[in-house]
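Fold and contact review
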Amino acid sequence: MLAGASLFLVVGHVLRKYTPETVIRVPEIIQIAQEKVTLRAVCEAAQKRRRDAHADKAQIEASKQCFITEKVALFQSLRRRWDETNPLSQ
């Protein structure tokens, strides 16, 4: 096992001397990589707008619910006061 591994390393070292490493640059791959970066930026911007819109919607819903609660409390207090002061209800 050790002899086989050492022979494999030696053969790899010898072959590496005589075969240059070449990198093939394909223009389509470069263009696709650039489009991927562009699309990722567009997608992140859209996600940020969606998160901001969702936060704004939640804030508006909360203020709407607060307004409704305040108006209901005001109506109930006015109704109670009217019932207490109404001479016809006694």
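That block above? That's the structure.
In this report, the structure presented in the accompanying data block is examined. Being a predicted model, the structure only gives us computed values, none of them experimental. (Residues numbered from 1 in each chain as written. Predicted model: local features only at pLDDT ≥ 70, side-chain atom pairs only at ≥ 80, totals over all residues. Heavy atoms only, no water.)

**Considerations on the overall build of the protein**
Convention followed: The numbering of helices and of strands both runs from the N terminus, where a helix is a DSSP run of H or I of at least 4 residues and a strand a run of E of at least 2. Put simply, the radius of gyration uses C-alpha atoms, and a globule should come to 2.2 Å times the residue count raised to 0.38. Classification of residues uses two cut-offs on accessible area relative to the type maximum, computed with a 1.4 Å probe and protein chains only: under 20% is buried, over 50% is exposed, and between them is partly exposed.
Counting secondary structure elements, the protein contains two helices and zero strands. By the compact-globule yardstick of 12 Å for 90 residues, the protein is too spread out, its C-alpha radius of gyration being 37 Å. In terms of overall dimensions, the protein has a C-alpha envelope of 110 × 40 × 10 Å along the principal axes. Looking at the 90 residues of the protein, the share that counts as buried comes to 1%.

**Quick look at the pattern of salt bridges**
Stated formally: The salt bridge definition used is simple: a Lys or Arg side-chain nitrogen within 4 Å of an Asp or Glu carboxyl oxygen.
Evaluation of the coordinates by the stated rule reveals two salt bridges. The closest approach of N and O atoms between Arg79 and Asp83, which form a salt bridge, is 3.6 Å. Here Asp83 and Arg79 lie together in helix 2 (residues 27-85), a separation of four residues that amounts to about one turn.

**Side note on a nonpolar patch on the surface**
For clarity, the cut-off: Only residues whose relative accessible area exceeds 30% and that form no salt bridge are eligible for patches; like-charged ones are grouped when within 9 Å, while nonpolar side chains (Val, Leu, Ile, Met, Phe, Trp, Tyr) are grouped when within 5 Å. The method behind every accessible area is Shrake-Rupley, applied with a 1.4 Å probe, and residues are considered shielded solely by the protein chains displayed.
Residues Val10, Val14 and Tyr18 make up a contiguous nonpolar surface patch of roughly 320 Å² in combined accessible area. Structurally, Tyr18 is set in helix 1 (residues 2-18). Given a relative accessible area of 64%, Tyr18 falls into the exposed group.

**Concerning the environment of Arg50**
Along the polypeptide, Arg50 turns up in helix 2. A sequence separation of 26 residues divides Arg50 from Gln76, and the C-alpha atoms of the two residues are 39 Å apart.

**Observations regarding the side chain of Asn86**
As a reminder of what qualifies: Polar contact is defined as a pair of N or O atoms within 3.5 Å, subject to the rule that within protein one atom must be able to donate a hydrogen and the other to accept it, and that residues adjacent in sequence are counted only when both atoms are side-chain atoms.
With respect to the element layout, Asn86 can be found in the segment after helix 2. Here the side chain of Asn86 touches Leu88 through a polar contact of 3.1 Å, landing on its backbone nitrogen.

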